Amino acid sequence: MSDTATVGDTETHQHIDGSLLSLHGISKSFGAVQALRDVNLDILNGQVTALVGDNGAGKSTLIKAIAGIWQPNEGEILWNGTPVHIRTPRDADELGIATMYQDLALCDNLDIVQNMFLGHELLKHRLLDENQMEITARQTLADLSVTTVQSIRQPVGSLSGGQRQAVAVARAVMREAKLVVMDEPTAALGVSQTAQVLDLIKRLASRGIAVLVISHNLTDVFAVADRLAVLNLGHLVSTGPISDYDTQSAVELITTGRLTRTESSPPAAGNDTADGGG
Ligand SMILES: Nc1ncnc2c1ncn2[C@@H]1O[C@H](COP(=O)(O)OP(=O)(O)OP(=O)(O)O)[C@@H](O)[C@H]1O
Ligand SMILES: [Mg+2]
């Protein structure tokens, strides 16, 4: 099966059954900078895929292509096996892709309920249905076991970083996102807040939602991910179940784009494309 860690599998990429989102041969350049080169990646329902790589490896560029911020120069995106064009954030939203950037795009001056329904407010007799929105928001937070916020009517500006993440995640769940994409969700968080957010990520996956999370913190990655995807200089150099990796092999792939140590890696980790250097 293709569902093992592979290194330099760009020539032999096989679609994994049950993929919600598949990237095929995605390339993206900014002028002379080639940010993504022939990237193949499958994102599976109910699984957390961690996307790792050094600064400038292309991680944010990759998720922005999925989020409709910009379109790849080459390649194809499949959604449930069907080719799609994600031209705008609205296209992504309509497919069920919710993307959370580091600043989260929440409105500090609005309360939790207002943020969760922003742009999709419930109406009753042409007026805002505050009661129903409050009930739904409270229920969604409870379903996600988010218990640390004091009042759902407090402004988001008064929340901690972890609580803000929780509101953003609850918003995505409420809108029935099928894929939740998070860029560095724990980067600014303390130890217990990080644990809460990782917990939340696992709960999303256990509801069948596909999660793609960027992180520089390998401890977090190994705590939460079902699958790993490693970018190096725009190449997707390795992807597979997290159990195929350890910290050492992940660090090596992130920093050099290849594995020198082979005894513990599967035979599938075959020929390296090794064309990225120069
Ligand atoms: N809008 C842009 N215009 C020009 N170059 C860009 C743009 N966005 C990204 N790049 C370049 O593309 C490459 C990949 O950047 P990207 O932001 O995807 O990296 P990253 O893996 O997210 O890094 P980090 O871990 O630092 O966030 C870098 O060389 C970057 O300079
Ligand atoms: Mg980035």
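Here, the structure is the one placed above.
Here the structure is a predicted model, which means the values were calculated and not measured.

Trainee: Could you clarify how one ought to interpret the overall build of the chain in this entry?
Mentor: In terms of helices and strands, the chain carries eight helices and 13 strands. In the chain, once contacts between residues fewer than 6 apart in sequence are set aside, the share between residues at least 24 apart is 68%.

Trainee: How should the pairing of strand β7 (residues 97-100) be read in this particular structure?
Mentor: For a regular strand, side chains alternate in direction, first toward one face of the sheet and then toward the other. Burial of the side chains of β7 extends over both faces: Ile97 and Thr99 are buried on one face and Ala98 and Met100 on the other. Bridging between β7 and strand β10 (residues 179-183) involves four bridges; their strand directions are parallel. When the sheet's bridge partners are listed, Thr99 is paired in β10 with Val181.

Trainee: Explain the sheet that holds strand β5 (residues 74-79) here, please?
Mentor: Hydrogen bonds between backbone groups are what pair the strands of a sheet, and the pairing can be parallel or antiparallel. Spatially, four strands are ordered β3-β2-β5-β6 in an open sheet, and the strand pairing comes out antiparallel. Edge strands, defined here as strands with exactly one partner in the open sheet, are β3 (33-44) and β6 (82-84). Strand after strand, the sheet turns through a mean of 25 degrees between neighbouring axes, direction not considered. The sheet contact formed by strand β2 (residues 19-30) and β5 spans five bridges and is antiparallel.

Trainee: Could you clarify how one ought to interpret the site of ligand 1 in this entry?
Mentor: As a matter of local geometry, ligand 1 sits amid Phe30, Val33, Ala35, Gly53, Asn55, Gly56, Ala57, Gly58, Lys59, Ser60 and Thr61. Of all the elements in the fold, those that place two or more residues in the shell around ligand 1 are β3 and α1 (59-66). Take the shell around ligand 1: its biggest share by element is three residues, from α1. Residues of the shell around ligand 1, tallied by class, amount to four nonpolar, six polar and one charged.

Trainee: Whenever I open this one, the packing of helix α4 (residues 130-143) against helix α5 (residues 161-174) confuses me. Can you help?
Mentor: Helix-helix packing is described using two parameters, namely the angle between the two axes and the distance between the axes. Here α4 crosses α5 at 110 degrees, and the two axes come no closer than 10 Å. Classified by the angle their axes make, α4 and α5 are roughly perpendicular. Residues Thr136, Thr140 and Leu141 of α4 pack against Ala170, Val173 and Met174 of α5. Of the residues belonging to the contact of α4 with α5, the class tally is four nonpolar, two polar and no charged.

Trainee: It is not clear to me how α5 should be interpreted in this structure. Could you clarify?
Mentor: Because an α-helix packs 3.6 residues into every turn, residues spaced three or four apart end up facing the same way. An ideal rise of 1.5 Å per residue puts 20 Å on 14 residues; α5 measures up with 20 Å between its terminal C-alpha atoms. Burial within α5 is extensive, with 13 of its 14 residues counted as buried.

Trainee: Even after reading the chapter, I still don't get the packing of α5 against helix α6 (residues 191-206), so can you show me in this structure?
Mentor: The geometry of α5 relative to α6 is characterised by a closest axis approach of 9 Å and an angle of 15 degrees between their N-to-C directions. Viewed along their axes, α5 and α6 adopt a mutual orientation that is roughly parallel. α5 and α6 meet at a crossing whose hand is left-handed. Contacts between α5 and α6 involve Gly161, Gly162, Gln165, Ala166, Val169 and Val173 from the first element and Gln193, Gln196, Val197, Leu200 and Leu204 from the second. Taken together, the residues of the contact of α5 with α6 sort by class into six nonpolar, five polar and no charged.

Procedures and definitions
- Residues numbered from 1 in each chain as written.
- Chains lettered and ligands numbered in written order.
- Predicted model: local features only at pLDDT ≥ 70, side-chain atom pairs only at ≥ 80, totals over all residues.
- Helix = DSSP H or I, 4+ residues; strand = E, 2+ residues; numbered from the N terminus.
- Contact = placed C-beta atoms within 7 Å.
- Buried ≥ 20, exposed ≤ 12 C-beta atoms within 10 Å, placed from the backbone.
- Pairing = 2+ DSSP bridges.
- Axes fitted to C-alpha atoms, helices over the stretch in contact; angles between N-to-C directions.
- Near = placed C-beta within 6 Å.
- Nonpolar A, V, L, I, M, F, W, Y, C, P; charged D, E, K, R; others polar.
- Parallel < 35°, antiparallel > 145°, perpendicular 65-115°, else oblique.
- Expected span 1.5 Å × (residues − 1).
- Left-handed = near helix turned anticlockwise from the far one by under 90°.

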